[in-house]
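The primary structure of each chain is shown beneath.
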2 protein chains.
Amino acid sequence: MEGTAVVLAPNAYRTDSAKTAHGLVRGSERYRVVAVVDPESAGEDAGQALDGRHRDIPIVATLTEALARGPDTCIVGVATKGGRLPPELRVVLLEAARAGLTIVSGLHELASDDRHIAATGVRVLDVRRPRPAAELHFWNGDIAQVRAPRLAVLGTDCALGKRTTARLLVHACAQAGLKAEMIYTGQTGWMQGGRFGFVFDSTMNDFVSGEIEHAVVACDKALSPDLIVLEGQSALRNPSGPCGSELIISAQAKGVILQHAPGRKDFKGLPGWPIPPIEEEIQLIGLYGAKVLAITLNGEKLSKDALIDEQKKLEKQLKLPVVRPVEEGADALLPVVRQYLKN
Amino acid sequence: MEGTAVVLAPNAYRTDSAKTAHGLVRGSERYRVVAVVDPESAGEDAGQALDGRHRDIPIVATLTEALARGPDTCIVGVATKGGRLPPELRVVLLEAARAGLTIVSGLHELASDDRHIAATGVRVLDVRRPRPAAELHFWNGDIAQVRAPRLAVLGTDCALGKRTTARLLVHACAQAGLKAEMIYTGQTGWMQGGRFGFVFDSTMNDFVSGEIEHAVVACDKALSPDLIVLEGQSALRNPSGPCGSELIISAQAKGVILQHAPGRKDFKGLPGWPIPPIEEEIQLIGLYGAKVLAITLNGEKLSKDALIDEQKKLEKQLKLPVVRPVEEGADALLPVVRQYLKN
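Residues numbered from 1 in each chain as written. Chains lettered and ligands numbered in written order. Predicted model: local features only at pLDDT ≥ 70, side-chain atom pairs only at ≥ 80, totals over all residues. Heavy atoms only, no water.

### Overview of the confidence of the model for chain A
Quick reminder of the rule: The pLDDT score gives, residue by residue, the confidence of the prediction method on a 0 to 100 scale.
Residues with a pLDDT of 70 or more make up 100% of chain A, whose mean pLDDT is 97. Taken together, the chains of this predicted complex give a pTM of 0.96 and an interface ipTM of 0.96.

Pasting the structure below:
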């Protein structure tokens with residue numbers, strides 16, 4: 001563990017904007033989370049509020065209360081539109097910096113550019129700080145030499161659980177004696193302890209494919225895993241930033257787990273921009289050269305029963321395994337993975 | 001015109017690595033080109049060597065010879081793998097800087113980071129210098145308010161003439177009384193005088209869609225064109241960097257002109273990575289929500305007759321207009337454009 005952290009998600013913990021906080025509460029090998037700050041949900045347990053599982057991480061109303069639990073690190077737990085650092089967050093970060101905490105942020109607007117925060121002299125880790133071309137890799141075809149098959153977790157939208165499904169799958173594999181390694185592609189994946197990967201959306205477009213390839217090649221060489229699981233970003237047809245084809249085309253993932261939220265009609269934050277039918281998404285992934293092996297569901301806006309109904313309906317409709325990983329665990333994906341590794 | 005330029009393409013002018021030089025020789029509203037430096041093709045006319053049309057731009061062997069023609073600007077005319085600035089180019093740039101010329105480069109490795117060049121005090125324009133998040137736009141859906149239809153020029157590979165076809169089309173439209181405006185997405189497009197656009201591949205991935213949208217919205221507001229032509233980058237399935245879906249999904253281009261080089265079997269610079277069939281590409285574009293309206297051909301590696309044979313074959317096979325814009329001009333695309341504007 002690199003630190004003991006308080007995670008900021010003011011008035012947002014119960015929304016999917018707090019996906020970084022949710023990921024850190026679910027589990028991290030990099031930071032031990034001791035408190036979440038969100039006045040709106042204060043008094044609850046962060047695990048309980050997230051998925052009904054108590055994790056002994058209190059949600060508190062203020063940073064001052066969180067400091068009593070002895071953190072050495074303060075992490076921004078929300079994703080804001082366009083990655084801006086809003087004033088209400090900036091003021092709490094400054095407070096944390098003045099208390100001597102290391103600041104960790106995955107926003108595009110860099111915390112280290114705040115002169116008040118910088119003046120405190122604390123360590124500021126901006127996980128989405130863009131790297132210069134000289135530090136980046138260009139795609140060169142080395143992917144063809146990688147031994148471990150790649151499996152991409154893509155989704156029909158952003159912020160619907162791709163990373164969580166990928167982590168659950170990797171853990172389920174480990175428990176079943178399969179050595180799966182995850183390639184992180186976002187700031188939260190790094191914060192959760194990801195060893196191989198890069199931050200997709202703050203990378204210069206020309207180097208995205210090379211960075212994926214490099215991460216996969218390095219992971220394969222270092223660890224010789226049985227399977228490499230690639231965390232997807234956004235969705236192939238999300239208008240605010242289509243992503244995903246790189247994982248199939250550049251990292252040569254021939255299998256895909258497709259994460260879907262049947263209760264979500266429009267792309268996140270984009271009313272009037274409907275998510276296209278899932279059958280089309282499967283067809284699109286097929287044209288890129290990969291096969292959808294299973295669907296994983298996010299239960300957003302659905303009751304437990306309604307989600308199970310959707311699961312049954314989709315299974316029939318798509319003739320594919322459909323799994324609710326958060327509710328059922330990812331063990332149901334193991335036969336799919338085993339079959340994929342055989343081919 | 002902003003300057004009078006010598007363009008560097010040492011030992012590369014006759015290869016498609018010199019695509020920036022080729023674009024500038026074909027035409028620029030920003031720079032008047034007075035010479036191209038390439039010892040291998042020295043003595044020829046740059047237009048003649050490019051496409052058989054004399055343009056009174058001599059190819060000379062050395063920068064010294066070029067200086068006699070009175071340039072005030074020195075432009076890097078080649079695209080290198082991964083955008084590195086190779087030593088043999090660096091030394092000529094330094095010579096140009098010492099002669100007092102403004103340096104213009106579209107490589108990822110920045111000329112202004114060279115301390116010898118910087119020490120000369122000349123102006124150095126690194127067109128691919130990445131811009132920070134604060135200067136970039138995030139996609140917000142304003143595209144829905146744009147009046148002018150968008151037409152994207154996509155391709156089945158990189159470096160096969162998308163930009164040139166887009167420019168020829170815009171010029172053909174102008175001559176026919178149609179006000180078409182081009183959105184540039186690469187460094188050469190800017191060097192050719194593009195007013196609206198951005199450099200796709202040096203933009204942080206998260207802002208690519210917003211930058212396209214912003215360029216289109218700004219162009220539509222400022223000029224009220226009849227048509228907006230979007231310059232594509234790379235190809236949807238180029239493993240070294242798949243691109244293009246943003247133009248359809250984020251800029252909502254409903255029509256596509258698809259540039260293709262029937263004589264090219266593998267992706268540029270990637271032997272063993274074949275370009276997939278063009279029918280599949282059309283299907284893929286369709287799944288993204290756009291219609292391929294015409295195919296435009298690049299005659300690379302084909303004799304004139306062989307290219308015409310391919311043209312006829314593809315017309316029959318795809319039941320679409322197939323045009324050789326460099327040889328025939330882009331007028332043959334006008335009926336396609338007029339029909340597109342009617343719908």
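### Things to note about the pattern of salt bridges
Residues and elements named next belong to chain B. What counts is decided by this rule: A pairing counts as a salt bridge when a side-chain nitrogen of Lys or Arg comes within 4 Å of a carboxyl oxygen of Asp or Glu. Secondary structure elements are taken from DSSP: a helix is a run of H or I of four residues or more, a strand is a run of E of two residues or more, and numbering for both begins at the N terminus. Note on exposure labels: buried denotes an accessible area under 20% of the residue type's maximum, exposed denotes more than 50%, and partly exposed covers the range between, all computed with a 1.4 Å probe on protein chains only.
Scanning the entire structure with this criterion turns up 36 salt bridges over all chains. The salt bridge involving Glu-29 is made with Arg-167; its shortest N-O contact spans 3.1 Å. Placement of the pair is Glu-29 in the loop between helix H1 (19-26) and strand E2 (31-37) and Arg-167 in helix H6 (residues 162-175), with a sequence separation of 138 residues. For Glu-29, a relative accessible area of 46% gives the class partly exposed. For Arg-167, a relative accessible area of 11% gives the class buried.

### Let's talk about the relation of the copies chain B and chain A
Relating one copy of the chain to the other requires a rotation about an axis plus a shift along that axis. Applicable threshold: We place the copies in one frame by least squares, fitting the C-alpha atoms of every residue whose pLDDT is at least 70 in both. Throughout, a contact is declared for two residues whenever any of their heavy atoms are within 4.5 Å.
The transform that puts chain B on chain A rotates by 180° and translates by 0.0 Å along the axis, for an RMSD of 0.0 Å. What we have between these two chains is a two-fold relation. Both copies share a contact surface, since 100% of the interface residues of chain B are interface residues in chain A too.

### Some points on the pairing of strand E10 (residues 227-231) of chain A
Residue and element names in this part refer to chain A. Our working rule: When DSSP locates at least two bridges between a pair of strands, those strands are taken to pair.
Counting buried positions along E10 yields 5 of 5 residues, so the element is predominantly enclosed. Burial along E10 is two-sided: Leu-227, Val-229 and Glu-231 facing one way and Ile-228 and Leu-230 facing the other are all buried. In the sheet, strand E7 (residues 150-155) pairs with E10 via 4 bridges, with the strands oriented parallel. Of the residues in E10, the one forming a bridge with Ala-152 is Leu-230. Alignment of strand E8 (residues 180-184) against E10, held across 4 bridges, turns out to be parallel. Of the residues in E10, the one forming a bridge with Met-182 is Val-229.

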